[in-house]
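# Inside the fold
Each chain is listed here by its residues.
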Amino acid sequence: MTARIQAFLVHCFTAIGAALAMLALLAAMQQEWSIMALWLALAFVVDGIDGPLARHFEVKKHAAVIDGVLLDLIIDFLTYVVIPAYALYASGLLPGWTGWLAVLLIPYASALYFADTRMKTPDDSFAGFPGCWNMLVLALLVLQPGVWVTLALVVILNVAMFLPLKFVHPVRTERWRMITLPVALIWTGAIGWAAWTDFGSAPVLTTVVGLTSIYLMLAGIAQQVLPRG
C-alpha cells in the first residue's frame, strides 16, 4: 500500500466521526440518551486516535489535498458543540429558559473559539476551555448535579474559553501524559459503561466519573501553577 493511499485512509477514518455525529443526533432527537452517549463516546475515541495516525502517516505531505485540521474541526463542532448543546436543552438537564440559554450561548461562543488561531499552546495543550461540551454533558448525565450547578458550569466554561487558562489534550500534551492518558481512558470506559446501563444509579461509577472529570478539567491549570522543575 502506498504512502498516499495510507494517508487518504487516515482522512477517511477521521470522517467516520461525522457519521457517528449523525447517529448521536438521531438518538438525541429520540431522547435515547444512553445511545447518544455511546455514539459520542465512540466519536471521542476516533478523535483521540486520528491525530497520532495523521502524524504517523504524514497526511500533510501525502494527502494535502484534504485539510485534515479543517476536517477535524468540522466534526468536532458537531460532536463537541452542537449535539451536546441540544442534549442539555432536550434532556431536562437545563429546563425552560436555562436550556434556551445553553442552546444559544454554547454554539455562539464555541464558534468564536474554534476559529481562534491562538487556541493551541506551544506544548499542544489548549488555550482556554476547548469547547468539549460533549464531555461535560456525558459527565452530567452520570452525575446529575441539579439545574443550578449545571447552569453555573455552562456559564463558567463559556467564559473560560476566552481566559488565559490551559487545558490538556489527553494524547498530545506530553507533560503528565503517563497520568492523563490513562485517566482519559478510564473516563471514557466509565461513561461507556454508564450509558450501557442506561445511566442507572451506581455510586462507584459516579465517583469515578466525577474524579476523572475533575482531573481532566484542572490538570492544565495545575501545570500553569506548578511549572516544570
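For every chain, the first residue of the written sequence is number 1, and numbering continues from 1 along that sequence. With the structure being a predicted model, the display of local features is reserved for residues of pLDDT at least 70 and the display and counting of side-chain atom pairs for 80 or more, all residues being used for whole-chain, interface and lining totals. Side-chain numbers here rest on the full set of heavy atoms in the structure, without hydrogens or water.

Here we come to helix α1 (residues 3-29). Under the 1.5 Å per step criterion, the end-to-end length of α1 is 41 Å for 27 residues, consistent within 8% with the ideal 39 Å. Only protein chains enter the accessibility calculation, which uses a 1.4 Å probe. A residue is then buried if its area is under 20% of the maximum for its type, exposed if over 50%, and partly exposed in between. Helix numbers and strand numbers start at the N terminus; a helix is a DSSP run of H or I with at least 4 residues, a strand a run of E with at least 2. Turning to α1, its buried residues number three or more, namely Ala 7, Val 10, His 11, Thr 14, Gly 17, Leu 20, Ala 21, Ala 24, Ala 27 and Ala 28. Contacts: residue pairs with any heavy atoms within 4.5 Å of one another. Check the buried side of α1 and you find it contacts α2 (33-56), α3 (59-62) and α4 (68-90). Helix span is expected to be 1.5 Å times the residue number reduced by one.

One speaks of a salt bridge when a side-chain nitrogen belonging to Lys or Arg is within 4 Å of a carboxyl oxygen belonging to Asp or Glu. Evaluation of the coordinates by the stated rule reveals 2 salt bridges. For Arg 118, the salt bridge is made with Asp 116, and the minimal N-O distance between the two is 3.0 Å. The class for Arg 118 is exposed, based on a relative accessible area of 62%. Ionic pairing is found between Asp 123 and Lys 166, a salt bridge with its closest N-O pair at 2.8 Å. Taken as a pair, Asp 123 in the loop between α5 (96-114) and β1 (126-127) and Lys 166 in strand β2 (residues 166-167) lie far apart in primary sequence, 43 residues in all. Given a relative accessible area of 25%, Asp 123 falls into the partly exposed group.

Right, let's talk about unusual backbone geometry for a bit. Its identity as a non-glycine residue notwithstanding, Gln 144 has a phi of 50 degrees, on the positive side. Of note, Gln 144 is situated in the loop between α6 (133-143) and α7 (147-160). One non-glycine residue with positive phi stands out, namely Phe 199, at about 55 degrees. If you trace the backbone, Phe 199 turns up in the loop between α8 (177-196) and α9 (203-225).

Generally speaking, a soluble globular protein has its nonpolar side chains buried in company with each other. With 53 residues, the main nonpolar core has Met 36, Leu 88, Trp 133 and Trp 187 as its most contacted residues. At the level of secondary structure, the elements contributing two or more residues to this core comprise α1, α2, α4, α5, α6, α7, α8 and α9. When residues in this core are grouped by element, the largest group, 9 residues, is from α6. Put simply, a nonpolar core is a bunch of buried Ala, Val, Leu, Ile, Met, Phe, Trp, Tyr and Cys residues held in one set by side-chain atoms that sit within 4.5 Å of each other.

Patch membership requires more than 30% relative accessible area and the absence of a salt bridge. Residues of like charge join within 9 Å; the nonpolar side chains Val, Leu, Ile, Met, Phe, Trp and Tyr join within 5 Å. Here the open area of atoms and residues is found with the Shrake-Rupley method and a 1.4 Å probe, where only the protein chains shown may cover a residue. The grouping of Trp 97, Leu 101, Trp 148, Val 155, Val 159 and Leu 163 at the surface amounts to a nonpolar patch, some 620 Å² of accessible area in total. The set of elements that each furnish at least two residues to the nonpolar patch consists of α5 and α7. At 3 residues, α7 tops the list of elements feeding residues into the nonpolar patch.

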